Amino acid sequence: VSIAEVLPTVTISRDYKLEQAGCVMADNLGGGYEALKHLTALGHRQITLVNPSSRYPDHNFRIEGAMKAMKEAGLDKDVQILDNSLELGNTDLGY
């Protein structure tokens, strides 16, 4: 017996395709896009993207959305991406 069969269960950011469990997903691609649109609308031009870990699709989708907005703003040629800059699992960083 799985926990989802006994208790109402909802997963966050992971769709395990369980019949007994619901799932809430964030629009990470759209979020990255909207965040960068906001920054460029405020006039920011020197923007560095921080990708904590490219191992996780959520992080990559945010970068992808941000890159789309930067391309639209003509800023994609000078983009800086700090990839794997945080060690996940490091409790000092809150992960």
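See above for the structure.
What comes next is a walk through the structure. (Residues numbered from 1 in each chain as written. Predicted model: local features only at pLDDT ≥ 70, side-chain atom pairs only at ≥ 80, totals over all residues. Heavy atoms only, no water.)

So, on to the nonpolar core. Core analysis: the largest hydrophobic core is formed by 9 residues, namely Tyr33, Leu36, Ile47, Leu49, Ile63, Ala66, Ala69, Met70 and Leu75. Of all the secondary structure elements, the ones that give two or more residues to this core are α2 (28–41) and α3 (57–72). With 4 residues, α3 is the largest single contributor of residues to this core. Contacts of Ile63, omitting those with residues within four sequence positions, involve Leu49, Val50, Asn51 and Ile81. (Core = buried A, V, L, I, M, F, W, Y, C linked by side-chain atoms within 4.5 Å. Buried < 20%, exposed > 50% of the residue type's maximum accessible area, 1.4 Å probe, protein only. Helix = DSSP H or I, 4+ residues; strand = E, 2+ residues; numbered from the N terminus. Contact = heavy atoms within 4.5 Å.)

This brings us to the pattern of salt bridges. In this structure the tally under the stated criterion is 2 salt bridges. Taking the shortest distance from any N to any O, the salt bridge between Glu72 and Lys37 comes out at 3.5 Å. A residue pair is termed long-range when its members are at least 10 positions apart, and Glu72 in helix α3 and Lys37 in helix α2 qualify at 35 residues. Exposure remark for Glu72: the relative accessible area of 45% places this residue in the partly exposed category. Take Lys37: its relative accessible area is 33%, and that puts it in the partly exposed class. Between Asp76 and Lys77 there is a salt bridge; the shortest N-O distance is 3.5 Å. (Salt bridge = Lys/Arg side-chain N within 4 Å of Asp/Glu carboxyl O.)

This part covers α2. Between its terminal C-alpha atoms α2 stretches 20 Å, which fits the 20 Å expected from 14 residues at 1.5 Å a residue. Taken together, the buried positions of α2 are occupied by Asn28, Gly30, Gly32, Tyr33, Leu36 and Thr40. Residues of α2 that are buried in the fold lie against β3 (48–51) and α3. Backbone geometry just after α2 places Gly43 at a positive phi near 100 degrees. (Expected span 1.5 Å × (residues − 1).)

This part covers the packing of aromatic side chains. For the coordinates displayed, the defined rule picks out 0 aromatic pairs. Sitting above the plane of the Tyr33 ring, Lys68 keeps its charged end 5.2 Å from the centroid. (Phe/Tyr/Trp six-rings, centres within 6.5 Å; stacked < 30°, edge-to-face > 60°. Lys NZ or Arg CZ within 6 Å of the ring centre and 35° of its normal.)

Turning our eyes to something else, we now look at the side chain of Thr40. When you line up the elements, Thr40 lands in helix α2. The residues contacting Thr40, other than those within four sequence positions of it, are Arg45, Ile47, Ala73 and Leu75.

A contiguous nonpolar patch, built from Ile3, Val6 and Leu7 and spanning about 310 Å² of accessible area, is present on the exposed surface. Here Val6 shows up in helix α1 (residues 3–6). The class for Val6 is exposed, based on a relative accessible area of 58%. (Patch = residues over 30% accessible without salt bridge, like charges linked within 9 Å, V, L, I, M, F, W, Y side chains within 5 Å. Areas by Shrake-Rupley, 256 points an atom, 1.4 Å probe, with all protein chains shown as cover.)

So yeah, pure geometry; function would need other evidence.
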